[in-house]
Amino acid sequence: GRVKIEPGTKAQLREIVSAVKMKSPLVHCLTNFVSMDIMANGLLAAGASPVMIHSLDEINQCVLFCAKTKGAVSINLGTIDANRMASCKRAVEACVER
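In this text the structure is predicted, and so the values were computed from the model without any measurement.

With respect to the overall build of the protein
Along the protein, the regular secondary structure elements total 4 helices and 3 strands. For the protein, the N- to C-terminal ordering of α and β elements is α-β-α-β-α-β-α. Looking at the protein alone, contacts between residues at least 24 apart form 67% of all its contacts between residues at least 6 apart. Summed over its atoms, the accessible surface of the protein is roughly 6,800 Å², and 59% of this surface lies on carbon and sulfur atoms. Taken as two groups, the 12 positive and 8 negative side-chain charges of the protein have centres that lie 9 Å from each other.

Here you go:
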């Protein structure tokens, strides 16, 4: 069956999507390979600008740029390995510093 949506939910969702489209935030996504394209396409559809940087050499600069532009950092710990965990830890540290 269909999922019932509360009356105010659709209007609230429209407002949120409209606000994202107006701002077009840069969103640094640290995600697994399975959901990377889904996340990027969803953010693009909502009007955001996704960036999928996992390199330890680039994370600090990316987080700093996201902070300066009032963007966001999204971390998905799905299928994690040691390299991806190191990238996620570095991104969290950079966010805390900002």
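Comments concerning the environment of Ile-53
Position of Ile-53 relative to the elements: it lies in the loop between β2 (49-51) and α3 (56-68). Residue class for Ile-53 comes out buried when judged on its relative accessible area of 18%. Separated by 17 residues in the primary sequence, Ile-53 and Met-36 have C-alpha atoms spaced 11 Å apart. Once residues lying within four places of it in the same chain are set aside, the contact partners of Ile-53 are His-28, Cys-29, Leu-30, Glu-58, Ile-59 and Cys-62.

What about the nonpolar core?
Residues Leu-26, Leu-30, Val-51, Ile-53, Ile-59, Cys-62, Val-63, Cys-66, Cys-88, Ala-91 and Ala-94 constitute the largest nonpolar core, which totals 11 residues. Top contributing element to this core by residue count: α3, with 4 residues.

Observations regarding the packing of aromatic side chains
Scanning the entire structure with this criterion turns up 0 aromatic pairs. For the cation-ring pair, Arg-84 lies above Phe-33, with the distance from its terminal atom to the ring centre recorded as 4.3 Å.

Structural notes on helix α2 (residues 36-46)
Met-36, Ala-40 and Leu-43 are the residues of α2 that are buried. The buried side chains of α2 occupy one side of the element, clustering within an arc of 70° when seen end-on. When the buried face of α2 is taken as reference, the exposed residues oriented beyond 90 degrees from it are Ile-38 and Ala-45. Among the structural elements, β1 (26-30) and β2 are those in contact with the buried residues of α2.

Considering the sheet that holds strand β3 (residues 72-75)
Taken in spatial order, the 3 strands line up as β2-β1-β3 in an open sheet, and their pairing is parallel. The two strands at the open ends of the sheet, each matched to only one other strand, are β2 and β3. For this sheet, the mean angle separating the axes of adjacent strands, direction not counted, is 25°. Summarising the sheet, β1 and β2 pair through 3 bridges and their orientation is parallel. By the bridge assignment, His-28 is partnered in β2 with Val-51.

Conventions and cut-offs
Residues numbered from 1 in each chain as written. Predicted model: local features only at pLDDT ≥ 70, side-chain atom pairs only at ≥ 80, totals over all residues. Heavy atoms only, no water. Helix = DSSP H or I, 4+ residues; strand = E, 2+ residues; numbered from the N terminus. Contact = heavy atoms within 4.5 Å. Areas by Shrake-Rupley, 256 points an atom, 1.4 Å probe, with all protein chains shown as cover. Lys, Arg positive; Asp, Glu negative; His and termini not counted. Charge placed at Lys NZ, Arg CZ, Asp CG, Glu CD. Buried < 20%, exposed > 50% of the residue type's maximum accessible area, 1.4 Å probe, protein only. Core = buried A, V, L, I, M, F, W, Y, C linked by side-chain atoms within 4.5 Å. Phe/Tyr/Trp six-rings, centres within 6.5 Å; stacked < 30°, edge-to-face > 60°. Lys NZ or Arg CZ within 6 Å of the ring centre and 35° of its normal. Arc of directions from axis to C-beta. Pairing = 2+ DSSP bridges. Axes fitted to C-alpha atoms, helices over the stretch in contact; angles between N-to-C directions.

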